[in-house]
Structure formats: structure tokens, C-alpha cells
Amino acid sequence: MGFRETLRLSWSNIRNHKLRNSLAVLSVTIGIAAVIAVITMTTGLQSALLNTLTRDLLHADTISVTVKGNEGAFGSAQVFSQRDVKHLETLKGVKAVDVIGRVRAASLYFEGHRLLSPVVQVTTDPKFLPLDAGRPIAGPGEIVIGAGIAQSICEQQEQAAQGAKADTAKIKESCKRATQSKLLADRILGQPLRMKYINAQKKIQQSQLQIVGLIKNAQFLPHQTAYVDPSYHSDTEELGGQAVPVYTALLVKVANISKLASVKQEIEGYFDRFSSDARKLLGTGTEINVHTLANIVDEIKKNFGQVTGFLGAIAVVALLVGMIGVMNVMLITVKERTREIGIMKATGATNGNVLQLFLTEAVLICLIGAFLGVLAGMGLSVLFIKLTMMLFSGLQSIPFVFVPIWYAIAILTGLVVGVVSGVYPAWSAARTNPIKALRYE
Amino acid sequence: MARVVKAEHLSKVYRMGQVDVEALHDVSLALEEGELIAIMGPSGSGKSTLMHLIGCLDQPTSGELIVNGEKVSQLNDRELARLRGRAIGFVFQTFNLIPRVNALTNVLMPMGFTHLLPPREREERARSLLEQVGLGSRLKHMPSELSGGERQRVAIARALANDPKLILADEPTGNLDTKSGAQIMELFDQLNERGHTIVVVTHDPNIAQHAQRIVHLLDGRVQDASEVSLGIS
Ligand SMILES: Nc1ncnc2c1ncn2[C@@H]1O[C@H](COP(=O)(O)OP(=O)(O)O)[C@@H](O)[C@H]1O
Ligand SMILES: [Mg+2]
């Protein structure tokens, strides 16, 4: 039978039993929608989480290069040169290389009192530190500070306000709590800080700075570090008969997070050789750490993979139930149309013609179901994303991950489900004895 | 004249659980091309069974059957379907139209099975067949919107879809009033004049009068002409 006639006969039957066939379509729709929704949502969430980690918090796309035993707030041993930076920039997969340096012998004063233990650094990567409030430094005369420093300033402010009878423990407590909220920012942004440091001429110098930003208060970010303009950095080493600036750490950004491991290997190779300035300065004894978050990224992906697998399995069960639904409807249809099968065989239909007719019908139902399922799945995902973002205001955006190939696969799955659910009913229809079929009431 | 059907010593036994029902017993019959014959006999005498065998819908338990030059017992399912589609047209007592599709689509269906005509020409043929049976204005009507006589005429148009040599009509007027029945028989007469070989099963002697020959069945056996004339009818 021609494809058009088959389609016409199948369609006329589907239309003739609207309710029953709509329910069959719905059962496939639910299954496919569940699968699409699960994939879209978990991929979206994973991508959101990785984005957050990558861009804002952990810099998962960044490889940090430090000297071993010298990592705390990136330490003070300054061994990496601009020549090292230039070389790393030529490596494949590297997007950018920034430096972190330390302002030599820097100390900070708030209203004449020295703040304990801050480390003042510079970086050429303006986005290196996420801020809770304010803005990044735009040039000399500005400083952004960590939560620990902010807390110290808060304590000094309170001490000054309350005078001699102040309860130090209480103040400490309330200032610590203040760092968790936005209140502190209002009090501290715009405040002046004085920095004493050693400049390029090896002279002690004082500089008046204004606090323009607060570094995000997160466990894994340095609390006692402040950042100023790179022009305050002055450390040099004699290399090749010349004084060249040296830095405490390098930040290597990769273009693609999945290339972390290979780029890491190349960096390690470079610093093993004496052609690198850092190795020249350190000699053989000291290790250079090349640190990535590849493990964490892998872990996250693995966990999401497990969640996707688990939810996916549930979705697949839904799809299976849908398949059984279609099969059931097809069995009823075949039974009901036994006489029709007899008529078709009497007028020249082969078993193949009959098989084709019923298979087409099952596939048609499932394709419609799959198509609607894709739409419903996309709709569900959008809804879910909106809901999640409403509930967790911290996540700035969960992307709607649109991958056309999934939808193609979903439609293809519909086709397969149609064939699988239709093959037995269609086969039993094809085998029907024409005489019995014609006598069937 | 060529022989369209040659049946020799056909018998058909249906197995009903433990009991064997012999629906046909040693039936021999030949149909020449262009014949219109009637098969008569009381209910249960095996008329439908014989039609089903000739129509290649079922295989005889024993005996030999040649339809359109082919030994039916040697054909596989596919070849039987092909023979049914191309050489035989069925007309049933209960019309047996596909209720969900209109008259035109019903007539188109058998053409889809045989592929004798290219798809574009099929609709034209279906239209002209329906016009021939006087239903040119009912093409898009659903079976439920047609009278019994009209439905049977759609069924005849469908039987003619692939221009078969042999038309098998099993009590085609059984569910019709006298007038519609007469129209149907007129149609069969016309078709017979145009060369179709036609077998009509009927109870109605008036209908049987259209036939050139009458075969009487009783309890699955063909009766001699002498037996019949001695009989009650
Ligand atoms: N598929 C079948 N299974 C069992 N018995 C059948 C079957 N078809 C017909 N018979 C029996 O065979 C006999 C002849 O039936 P049938 O050919 O339909 O007679 P008719 O058409 O002359 O009324 C009847 O006794 C009927 O019950
Ligand atoms: Mg009968």
C-alpha cells in the first residue's frame, strides 16, 4: 500500500477514537517530556553551578602557579617574571596569564592605628576577586579589602565610638556578624586607609588610599588580603644582569575548562626547565605548584551525571509506561478492527500491508506524543528554572540549555517507541486468518 | 474459452474442538470465462465455504483448486494475496465497507494493495467506477450516510478496482429490498456482458434466473440437476 493511503487510513482511525488515542499520545508525551525536562534542567543547573564557580567564586578556569610552601595568600617569595608570563601565554589552550605580586613591606593604618596582619597584593587580573560591595580598583589611590580587614576596621570604629568602657568581645562579635550583611559595606566603603611600603627606589613611602570595594566574604577567599594598583609593586630580581620585576604567583586562564589537565601538564613541564626564570631563581630544591580545580569540576560533573542518571531512569520508566499505554491501545484497535483486517485481506492486502498499516498508526501516535513531549519538556524546564531562581536568589541565572540534537533524539525515540509498542499488535493483526476475521462480529 | 476456476474433489473440514465439521464434500466445479453462475442451497450447506476457497481466502482440506491458471495449494501467503488482489473481486452480504472512510477511499484501497496503476491515476479510476455504479454524486459520502443498496454498489465498485476476471458475490442481495436487489443484479448482468466471470450465491430464485447455470449445494455436496428438479423447489 502506498504511504499516503496508509497514512490516510491510520489517521482516520486515530481521529475516529479521539479520546482513547489522545490518552495514548499523552502517555508518550509525559514520558518524553520527563526525559527532556530532566536533561535540560540538570544540564542547566550544572552549567549554572560551573559558571558560578568558574567566573565568580573558585575560578575553575584558572590555574594558579605558586611556589610550594609559599601558598598562603600567595606568599611572599617573588620568583615569576614577565618572561615566564610571556612564555605561558604562547601555550595552546591558554587564554590569558595574570600575575599576583606583593607590595613590599606593606602595612595598613586606619585612623592612625596599625591593622594587624593584612597582606597587600597587586594583580593584573581585575576580575580575580569577586566583590560583595563596591567596585574593583580603577587605579592608584584605591584599595579593596578582605572581610577580615573590614572586620578590624569595624572594631576600631566601634572602639572609638564607645570609648574606654567598650566590651571588646561584644564588639568583635557584632563586627563579625556585620561582615555577613550589607550593613558593613555602608560604613566602610569610602573610608581612608594609609599604606606604608617600600617603593622601587627602596625608600619607605606612605600612600593615602580610599576603600572602594569589599572582597566577597567566602570561606575559600583570603580574608586578610587587600589589593591595590599594580604600580605599587616594586620587587625585582637580578636576572641576566638586569633587575626585572618578579611576582609571587601566576594565574593562567584556560579557554576551555575541559583542557585544564593538559595545560597544567605543559606548565609543569615549563617550570621544570631552567629556561624559566622561576626555576633559575629557585634552583632545583623547591617545587613549583601548578594547581587546578579539575578534580572539583570532575566531581561536580560526576555528581550531576549521577543525578541525571537517576532522574533519567525515572523518566525512562515514565516513557516505558507510555509505551505500554500505546501498545494497549493498539491491541484494542487491532481487536476492534478484526473484520476490517479480513476485508483488507479479501481485497488483496498482504500480511505486510496489514503490518504496515498498524505500525504506522502506532508510530504516528508516538511521533505526535514525542513532538508534544519535547514542547512540554521545554516548557517544564523553563518553569523549573524560574521557580529555582525564585527560591534561591543567590543563583543569578540558570541558563536554558538548548541543544537541538536532544530534540532530534527525542523525536527519534518517539519513532522507536512507536515501532516497539506497535510491532506486536501489528504482527498479530497481520497474522489474522481472513476467514475468521470476516466472520468476526 | 479459458477456464477461470477448476475445482476437483474439494473438501473442507473445520475442526471444532473434538468434532470435525465437513463443510464441503467432494465438490468438483469448473467456471468458464464470461460465465455468470448462481450457487443455491439452504443455510449451512457450504456456499460461503466454497466461495472462500475459490476466493483463495482459505485452503481446501483435500482436492485440487486452480484459479486463474494457478494451483492454489502451491502458493504462499504473499502470492495468494496477490491473486486475491488482481484476479478476484469480493462482494459480501453485509457490504463490508471500511466505515471510517468515504466511498472514494473505500474504492481506492484495493488499488493501494496491487499497485497496478500509478497513484495519480487511481483516484480517476475510483471516480469512474463509482459513476458506473450510479454513485457519481456520492463520492465523499461515508458508508453510514448511504442506503443499503448504495453501500452494496460501493462494494461492487471496490470489487472492480483492480479489474478482476472473477467476481465472487456471497448473497449480495440478502440484506437488500427487492428493488435494490434487482438493481444490483442488473449491475452484475452488465459486468458479465463486459466479460467478467461472476459467481452469485443466493437463496432467491428470481436472482438465480440471471445466471446461465445454477449449482445446488446440500450438506456440502453438489446436487445433480435431476436431484434438484425432483426436489421441493
Ligand atoms: N470457520 C468455521 N469454523 C467451523 N465451522 C465452520 C466455519 N465456517 C463454516 N463452518 C461450518 O460449515 C458449514 C457450512 O457453512 P457455510 O459455508 O457458512 O454455509 P452457508 O454459507 O451455505 O450458509 C456450517 O455447518 C458452518 O457451521
Ligand atoms: Mg453463507
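Residues numbered from 1 in each chain as written. Chains lettered and ligands numbered in written order. Predicted model: local features only at pLDDT ≥ 70, side-chain atom pairs only at ≥ 80, totals over all residues. Heavy atoms only, no water.

## Some words on the overall build of chain B
Phase 1: Helix and strand counts for chain B stand at eight helices and 10 strands.
Phase 2: Here chain B has a C-alpha radius of gyration of 18 Å; the compact-globule value for 233 residues is 17 Å, and the two agree.
Phase 3: Considered along the principal axes of its C-alpha atoms, chain B spans approximately 45 × 40 × 40 Å.
Phase 4: Burial status across chain B gives 52% buried among its 233 residues.
Phase 5: Long-range contacts, defined as pairs at least 24 residues apart, comprise 72% of the intrachain contacts of chain B with a sequence gap of at least 6.
Phase 6: By element, 47% of the accessible surface of chain B is carried by carbon and sulfur atoms, the whole surface being about 10,600 Å².
Phase 7: Taken together, the 25 basic and 29 acidic charged side chains of chain B have centroids lying 7 Å from each other. (Helix = DSSP H or I, 4+ residues; strand = E, 2+ residues; numbered from the N terminus. Rg over C-alpha atoms; globule rule 2.2 N^0.38 Å. Buried < 20%, exposed > 50% of the residue type's maximum accessible area, 1.4 Å probe, protein only. Contact = heavy atoms within 4.5 Å. Areas by Shrake-Rupley, 256 points an atom, 1.4 Å probe, with all protein chains shown as cover. Lys, Arg positive; Asp, Glu negative; His and termini not counted. Charge placed at Lys NZ, Arg CZ, Asp CG, Glu CD.)

## Regarding the nonpolar core
Phase 1: Of all hydrophobic cores here, the largest spans 38 residues; its most connected members are V107, L130, V154, I156, F188 and V200 of chain B.
Phase 2: The residues touching F188 of chain B, leaving out its near neighbours within four places in the chain, are L36, V91, I156, I167, A169, P172, I198 and V200 of chain B. (Core = buried A, V, L, I, M, F, W, Y, C linked by side-chain atoms within 4.5 Å.)

## Details of the packing of helix 11 (residues 351–391) of chain A against helix 12 (residues 404–431) of chain A
All names here are of chain A.
Phase 1: Close contact between helix 11 and helix 12 brings their axes to 7 Å; oriented N to C, the two are set at 150°. With respect to helix 12, the element helix 11 is oriented roughly antiparallel. Here the hand of the crossing between helix 11 and helix 12 comes out right-handed.
Phase 2: Residue classes in the contact of helix 11 with helix 12 are distributed as 23 nonpolar, five polar and no charged. (Axes fitted to C-alpha atoms, helices over the stretch in contact; angles between N-to-C directions. Parallel < 35°, antiparallel > 145°, perpendicular 65-115°, else oblique. Left-handed = near helix turned anticlockwise from the far one by under 90°. Nonpolar A, V, L, I, M, F, W, Y, C, P; charged D, E, K, R; others polar.)

## Regarding the sheet that holds strand 2 (residues 80–81) of chain A
Paired through their backbone hydrogen bonds, the strands of a sheet run either parallel or antiparallel.
Residue and element names in this part refer to chain A.
Phase 1: Read from one edge to the other, the open sheet built from three strands follows the order 2-13-12, with strand pairing classed as antiparallel. Two strands close off the open sheet at either side, each with one partner strand: strand 2 and strand 12 (236–239).
Phase 2: Sheet topology places strand 12 next to strand 13 (residues 242–247); four bridges connect them, and they run antiparallel. Opposite T236, over in strand 13, you have P245 as the bridge partner. (Pairing = 2+ DSSP bridges.)

## Comments concerning helix 5 (residues 148–159) of chain B
Phase 1: Spanning 12 residues, helix 5 of chain B covers 16 Å between terminal C-alpha atoms, matching the ideal 16 Å at 1.5 Å per step.
Phase 2: Most of helix 5 of chain B sits out of view: 10 of its 12 residues are buried. (Expected span 1.5 Å × (residues − 1).)

## Brief notes about the packing of aromatic side chains
Phase 1: By the definition in use, this model includes five aromatic pairs over all chains.
Phase 2: Between the aromatic rings of F80 of chain A and F271 of chain A, the centroid separation amounts to 5.4 Å while the plane-to-plane angle is 80°, which identifies the pairing as edge-to-face. Here F271 of chain A lies in helix 7 (residues 260–272) and F80 of chain A lies in strand 2, a separation of 191 residues in the sequence.
Phase 3: Relative to F92 of chain B, the ring of F90 of chain B has its centre 5.5 Å away and its plane inclined at 5°; by these criteria the two rings are stacked. The same class applies to F90 of chain B as to F92 of chain B, namely buried.
Phase 4: Residue placement shows R194 of chain A over the ring face of Y109 of chain A; its charged tip is 4.7 Å from the ring centre.
Phase 5: Sitting over the ring of W427 of chain A, R431 of chain A keeps its end group 4.4 Å from the ring centre. (Phe/Tyr/Trp six-rings, centres within 6.5 Å; stacked < 30°, edge-to-face > 60°. Lys NZ or Arg CZ within 6 Å of the ring centre and 35° of its normal.)

## Considerations on the side chain of Q121 of chain A
Residues and elements named next belong to chain A.
Phase 1: You can see Q121 is positioned in strand 6 (residues 119–123).
Phase 2: Given a relative accessible area of 1%, Q121 falls into the buried group.
Phase 3: Engagement of the side chain of Q121 in a polar contact is seen with the side chain of Y227, the distance being 2.8 Å. (Polar contact = N/O pair within 3.5 Å; in protein donor to acceptor, adjacent residues only side chain to side chain.)

## Quick notes on the layout of surface pockets
Phase 1: There is about 850 Å³ of room inside the largest pocket.
Phase 2: In terms of lining residues, the largest pocket is bounded by 33 residues, among which R439 of chain A together with S48, T49, H52 and D170 of chain B are the most central.
Phase 3: Its residues assigned to classes, the lining of the largest pocket comprises eight nonpolar, 13 polar and 12 charged. (1 Å grid on protein atoms, 1.4 Å probe; cavity = no way out; pocket = protein on both sides within 12 Å on 5 of 7 lines; lining within 4 Å. Points joined across faces, edges and corners; volume = space filled by probe spheres on them.)

## Focus on the site of ligand 1
Phase 1: Lining the immediate surroundings of ligand 1 are R439 of chain A together with Y14, M16, A23, P42, S43, G44, S45, G46, K47, S48 and T49 of chain B.
Phase 2: Backbone polar atom of S45 of chain B to an oxygen atom of ligand 1: 3.3 Å apart, as the coordinates give it.
Phase 3: Burial of ligand 1 by the protein chains amounts to 75% of its free accessible area of 560 Å².
Phase 4: Sorting the residues of the shell around ligand 1 by element identifies strand 1 (3–16) and helix 1 (47–54) of chain B as the ones contributing at least two each.
Phase 5: Grouping the amino acids of the shell around ligand 1 by side-chain chemistry returns four nonpolar, six polar and two charged. (Near = heavy atom within 4 Å.)

## Regarding the confidence of the model for chain A
Caution applies to low-pLDDT parts of the model: their predicted coordinates are not meant to be read in detail.
Phase 1: In this model, chain A carries a mean pLDDT of 86, and residues with pLDDT of at least 70 account for 95%.
Phase 2: Confidence, expressed as mean pLDDT per element, reaches its minimum in chain A at helix 6 (residues 183–188) of chain A with 81 and its maximum at helix 10 (residues 338–346) of chain A with 95. (pLDDT = per-residue confidence, 0-100.)

## Comments concerning the sheet that holds strand 10 (residues 221–223) of chain B
Residue and element names in this part refer to chain B.
Phase 1: Overall, mixed pairing links the six strands, which are arranged 6-7-8-3-9-10 in an open sheet. The open sheet has two free edges, formed respectively by strand 6 (88–91) and strand 10, since each of these has just one partner strand. Going from strand to strand, the sheet's axes swing by 25° on average, the running direction of each strand aside.
Phase 2: Packed on one face of the sheet, helix 6 (residues 178–193) meets strand 3 (36–40), strand 6, strand 7 (166–170) and strand 8 (197–201) and runs near 155° to strand 8.

## Digging into the domain arrangement of chain A
Phase 1: Segmentation of chain A into domains returns domain 1 (3–55 + 298–439) and domain 2 (60–293).
Phase 2: For domain 1 of chain A and domain 2 of chain A, the distance between their C-alpha centres works out to 55 Å. (Domains from an automatic or database assignment.)

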